[in-house]
Amino acid sequence: MKRLLIVVDYQNDFVCGSLGFDKAKELEKGILEKIAEYQNDEIIYTLDTHFDDYLTTAEGKSLPVPHCIKGTVGHKLYGGLADALKGKLCFEKNTFPSLEMAKYLEGKDFDTIELCGLVSNICVLSNAVMAKSACPNSEIIVDSSLTAAADEEMHQKSLDVMKGLFIKVL
């Protein structure tokens with residue numbers, strides 16, 4: 001069985017920085033265990049990546065909280081993930097989903113593609129949709145215990161939306 005794990009934006013600014021929240025910190029152990037579980041499979045990850053002009057971008061005007069600025073501590077992977085993902089393919093993205101990642105996935109024959117990381121109702125959701133678009137015959141999986149949002153109601157709604165898109169939510 002050919003499997004892929006995508007770790008989405010588990011970065012300092014989403015865990016303990018400018019957009020951090022308590023629930024995000026609780027995910028580290030489980031995500032590290034999931035990475036270990038996939039050691040014989042392919043693992044890739046995304047990094048939310050912004051620059052000093054963030055507040056002038058469309059996203060910055062809607063979410064005026066500078067975060068994940070390249071070259072800052074907030075942009076780096078949180079905790080033990082830097083070591084766990086060392087040498088793995090990284091997709092830096094300046095918006096919610098990664099088009100570059102979707103192009104990389106397009107036409108690949110994964111049986112399953114599993115996503116974990118942050119934030120469930122924004123980047124996890126949008127990258128799950130991109131994976132589904134790139135690999136329509138792969139089973140897309142999101143483990144609800146390995147993703148979260150600062151707003152629990154939005155987290156639950158995003159899981160429901162993913163279920164409605166035939167993404168398997170564990």
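For the structure itself, look to the data block above.
The following refers to the structure shown. (Residues numbered from 1 in each chain as written. Predicted model: local features only at pLDDT ≥ 70, side-chain atom pairs only at ≥ 80, totals over all residues. Heavy atoms only, no water.)

**Some thoughts on the sheet that holds strand β4 (residues 112–118)**
- One open sheet accounts for six strands, arranged β3-β2-β1-β4-β5-β6; its pairing is parallel. The open sheet has two edge strands, β3 (89–93) and β6 (168–169), and neither has a second partner.
- Of the strands in this sheet, β1 (3–8), β2 (42–48), β4 and β5 (139–148) touch helix α3 (residues 28–37), which is tilted by about 155 degrees from β1. (Pairing = 2+ DSSP bridges. Helix = DSSP H or I, 4+ residues; strand = E, 2+ residues; numbered from the N terminus. Contact = heavy atoms within 4.5 Å. Axes fitted to C-alpha atoms, helices over the stretch in contact; angles between N-to-C directions.)

**What about the side chain of Glu114?**
- Take Glu114: it is sitting in strand β4.
- A distance of 2.7 Å separates polar atoms of two side chains, one belonging to Glu114 and the other to Tyr38.
- Setting aside its immediate chain neighbours within four residues, Glu114 contacts Leu4, Leu5, Ile6, Lys34, Tyr38, Ile141, Asp143 and Leu170. (Polar contact = N/O pair within 3.5 Å; in protein donor to acceptor, adjacent residues only side chain to side chain.)

**Considerations on helix α8 (residues 152–164)**
- Over its 13 residues, α8 runs 19 Å from end to end, which matches the ideal 18 Å to within 8%, given 1.5 Å per residue.
- On its buried face, α8 is in contact with α7 (120–134), β5 and β6.
- Put simply, Asp151 is the residue that caps the front of α8, since its side-chain oxygen is 2.9 Å from the backbone nitrogen of Glu153.
- Backbone geometry just after α8 places Phe166 at a positive phi near 60 degrees. (Expected span 1.5 Å × (residues − 1).)

**A word on the environment of Glu33**
- Along the chain, the position of Glu33 falls in helix α3.
- Given the relative accessible area of 45%, Glu33 is considered partly exposed.
- Remark: the alpha-carbon pair of Glu33 and Asp143, spanning 110 residues in sequence, is separated by 13 Å. (Buried < 20%, exposed > 50% of the residue type's maximum accessible area, 1.4 Å probe, protein only.)

**Thoughts on the pattern of salt bridges**
- Tallied over the full model, the rule gives 12 salt bridges.
- Asp41 is the partner of Arg3 in a salt bridge, and the nearest nitrogen-oxygen pair spans 2.7 Å. Residue Arg3 is located in strand β1, and its partner Asp41 is located in the loop between α3 and β2; the two are separated by 38 residues in the primary sequence.
- The partner of Lys93 in a salt bridge is Asp48, with the nearest N and O atoms 3.6 Å apart. Taken together, the residues span a long stretch of sequence, with Lys93 in strand β3 and Asp48 in strand β2 at a distance of 45 residues. (Salt bridge = Lys/Arg side-chain N within 4 Å of Asp/Glu carboxyl O.)

**Brief notes about the packing of α7 against α8**
- Running from amino to carboxyl end, α7 crosses α8 at an angle of 15 degrees, the nearest separation of the two axes being 9 Å. Taken as axis vectors, α7 and α8 run roughly parallel relative to one another. Handedness of the crossing formed by α7 with α8: right-handed. Contacts between α7 and α8 pair Ser120, Asn121, Leu125 and Ala128 from the former with Met154, His155, Ser158, Val161 and Met162 from the latter.
- Among the residues making up the contact of α7 with α8, the classes are represented as five nonpolar, four polar and no charged. (Parallel < 35°, antiparallel > 145°, perpendicular 65-115°, else oblique. Left-handed = near helix turned anticlockwise from the far one by under 90°. Nonpolar A, V, L, I, M, F, W, Y, C, P; charged D, E, K, R; others polar.)

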